[in-house]
Amino acid sequence: VTRPGLVIIDPGWLSTLQDLGRSGVEHLGIPAGGAADQYSASVGNVLVGNPRQATCLELTAPTLSARATRDLLISVTGATARVRVNGHVVPMWTPLCVTAGSLIAISEVRDGIRVYVCINGEIESDRFLGSAAPDARMGFPQRLIPGQVVGVDTDFRDFTHPFSGIPLFRPPVDIPDRRGSTWTITVTDGPETEAVTGIRDLLESATYLVDARSDHVGIRLEGAVAHPDSADEIVSHGVPIGAVEIPHSDELIVLGRARSLTAGYPIVAIATSASLATLGQAGPGRRLAIRWTSIEEAVAAYRAQQIAIDAAEAATTRLFDAVALPRRRHRVNAEE
Amino acid sequence: MTELPVAQRNPVRVERSVYGDAAIMLTVHAADRATRQATAQALRAAVLEEHISGVRDVVAGLESLLVQHACLDIDRAALDRRLATLADRAIANPGVHRTTRTFVVPTVFGGGHGPDLAEVANELRMTPDDLVAAFTATVHTVDILGSGTAPMMHGLDLGAPITRCATPRQQVPAGAVMVAGRNSIIGPAPGPSGWRILGQTPLALFDIHRDPVVHYAPGDTFRFAPLVVGRWAEFQRCLLVPEEQL
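Note that the structure is predicted; figures quoted are calculated from it, not measured.

**Some points on the pattern of salt bridges**
All names here are of chain A.
Here is step 1 of the chain: Applying the stated criterion to the full structure yields 30 salt bridges over all chains.
Here is step 2 of the chain: A salt bridge links Glu313 to Arg52, with the nearest nitrogen and oxygen atoms 2.7 Å apart. Linking Glu313 in helix α4 (residues 295–322) with Arg52 in the loop between α1 (38–47) and β3 (56–60), this pair joins segments that are 261 residues apart in sequence.
Here is step 3 of the chain: Two residues, Glu251 and Arg213, come together in a salt bridge whose shortest N-O distance is 3.2 Å. Taken as a pair, Glu251 in the loop between β15 (243–245) and β16 (252–255) and Arg213 in the loop between β12 (207–210) and β13 (218–222) lie far apart in primary sequence, 38 residues in all.
Here is step 4 of the chain: What makes Glu251 buried here is its relative accessible area of 10%.
Here is step 5 of the chain: Three or more residues are tied together by salt bridges with common partners; here these are Arg3, Glu122, Glu124, Asp153 and Arg328.

**Considering the pairing of β12 of chain A**
Residues and elements named next belong to chain A.
Here is step 1 of the chain: Only one face of β12 is buried, namely the one carrying Tyr208 and Val210, since none of Thr207 and Leu209 on the opposite face is buried.
Here is step 2 of the chain: In this structure, β12 lies alongside strand β19 (residues 287–292), joined through three bridges in antiparallel fashion. Residue pairing across strands places Leu209 opposite Arg287, the latter belonging to β19.
Here is step 3 of the chain: Taken together, the two bridges between β12 and β13 define a ladder with antiparallel strand orientation. Considered in β13, the bridge of Leu209 is made with Glu222.

**Observations regarding α4 of chain A**
Here is step 1 of the chain: With 28 residues, α4 of chain A should cover 40 Å at 1.5 Å per step; its first-to-last C-alpha distance of 41 Å lies within 8% of that length.
Here is step 2 of the chain: The complete set of buried residues in α4 of chain A reads Ala298, Val299, Gln306, Ala308, Ile309, Ala312, Ala315, Thr316 and Phe320 of chain A.
Here is step 3 of the chain: Buried positions along α4 of chain A lie against α1, β5 (72–85) and β11 (182–189) of chain A together with α3 (76–92) of chain B.
Here is step 4 of the chain: Positive backbone phi, at 60°, marks Ala324 of chain A, one or two positions downstream of α4 of chain A.

**Considering the confidence of the model for chain B**
Here is step 1 of the chain: Mean pLDDT for chain B: 93, with 96% of residues reaching 70 or above.
Here is step 2 of the chain: Scoring the predicted complex yields pTM 0.93 and, for the interface, ipTM 0.93.

**Section: the packing of helix α2 (residues 33–50) of chain B against α3 of chain B**
Residues and elements named next belong to chain B.
Here is step 1 of the chain: Relative orientation of the contacting elements α2 and α3 amounts to 135°, with a least axis distance of 8 Å. As the angle between them shows, α2 and α3 are arranged oblique. As α2 runs across α3, the sense of the crossing is right-handed. On the side of α2, the interface is formed by Thr39, Ala42, Leu43, Ala46, Val47 and Glu50, while α3 contributes Arg82, Leu83, Leu86, Ala87, Arg89, Ala90 and Ile91.
Here is step 2 of the chain: Its residues placed into classes, the contact of α2 with α3 shows nine nonpolar, one polar and three charged.

**Re the packing of α1 of chain A against α4 of chain A**
All names here are of chain A.
Here is step 1 of the chain: Packing of α1 against α4 leaves a shortest axis separation of 8 Å and a crossing angle of 15°. By the angle between their directions, the pair α1 and α4 is classed as roughly parallel. As α1 packs across α4, the resulting crossing turns out to be right-handed. Contact with α1, carried on its side by Tyr39, Ser42, Val43, Val46 and Leu47, involves Gln305, Ala308, Ile309, Ala312, Glu313, Thr316 and Phe320 of α4 and no other residues of that element.
Here is step 2 of the chain: The residue inventory of the contact of α1 with α4, partitioned by class, reads eight nonpolar, three polar and one charged.

Cut-offs and rules
- Residues numbered from 1 in each chain as written.
- Chains lettered and ligands numbered in written order.
- Predicted model: local features only at pLDDT ≥ 70, side-chain atom pairs only at ≥ 80, totals over all residues.
- Heavy atoms only, no water.
- Salt bridge = Lys/Arg side-chain N within 4 Å of Asp/Glu carboxyl O.
- Helix = DSSP H or I, 4+ residues; strand = E, 2+ residues; numbered from the N terminus.
- Buried < 20%, exposed > 50% of the residue type's maximum accessible area, 1.4 Å probe, protein only.
- Pairing = 2+ DSSP bridges.
- Expected span 1.5 Å × (residues − 1).
- Contact = heavy atoms within 4.5 Å.
- pLDDT = per-residue confidence, 0-100.
- Axes fitted to C-alpha atoms, helices over the stretch in contact; angles between N-to-C directions.
- Parallel < 35°, antiparallel > 145°, perpendicular 65-115°, else oblique.
- Left-handed = near helix turned anticlockwise from the far one by under 90°.
- Nonpolar A, V, L, I, M, F, W, Y, C, P; charged D, E, K, R; others polar.

What follows is the structure in structure tokens.
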């Protein structure tokens, strides 16, 4: 029997259950998978008092409407969207109290393509290798359909602002600024960077257009490319998330979290961990500029992102504990 | 002329290279392919068994191992030293060191289930029946688990390498039994592929609701048994389990 939680009225183009993905599974040929924008999914969960790897909803190029069938504490993060509860526009990147019966509607998404809805407590979901993240190839699509009941196990009850009815407090959150038509991603050297004459200057001088054939498997980029000087065949090998491949055709592919795990295409650069959230928001028509960086700077940039999540978590924890709102601690069997 | 010691005549070396801010690639260098592959297999097992803190995932290639680690709070130099030690161990003791299992895969060859059988046989100047006989007489050994848990295997020797499809297929059905080069593979899930399809098995290779999801691992061996299409339903949706468990 499914608990009350949310009833999906319109899941939009593609909405799924999601989390941060799997670890310790890629030696089986199963990719890590998980939220394309891990920063937004993590912060969203932190804002509702959850561990960052808790199950959430991921909306792609979204509109979504759903009705709460119990009191819920939610957050909406990711690409900028118009979020309404019972017709009233409410802020993103903050905890929101939603009373039973309320209609939640998300629309008008811009500056990115993916929106995350996180809910205090535990969203009920099947799991595959310990994770709610979809793996369509393995027959685990996790796609939300109209009328679907998403059960939520939560201790949250009826906590509203005495005057406005709408919450509450705004924990400090570092909200990514993705206004502007061209986004910059940073990359470090790949194994074939040296084998393609002029590729360093080429990648930095061009801008790249995200093609429609882009998803969690990878993002295809139209723009200037060059091919290796010699046609030596590369023995197929493991490929990391963020690898920038040049296939035989004149395009770039940046591999995503649901990538095929081995390939033999030249890898001319590898996107930094700090750039992956931005890549996860890059939809068709987006322009990307590429800048080279060092491993040290890449690690520092990623550390800054994680410190921002830690800060949001610390502030939320203090606020929740001060007003006795329920928090979920890490599951005993959680990864990490 | 004095003969050089074996190690100098045929040096095996594992190159460690930085692969972005969260991975190290281990690539085996050796004169012959068999040594490279056996060393890579030992390396995969060694790194997996070591359960190194901060290592999130490894991906095996035929001659390499991608070690993906946490981006933060990891001592990269210490990890690199540890991988160097494991690499030395793999070089000293290549191959698979565990009790391996055998799997028998009932397969419908040719026709709609194996659309490339006749053409591949023709390229090899054999009859389709001879190709099936050679394929089913072969012991196929799993090298790596490819995309979607696909067992990629060696052992097939048909004289010449088999070419790939000129245009990859967009959607190959689950259970497709395929060949390319000197390798064989089974596609556990539907998906695109450029491999040539000789047949199809009605068995499921994995079950996402079970632990383990798949029963086979590198080093295990597969044999293929011809199945008449009329018996397809008997095996449909049954899970492939080792012969020892049947």
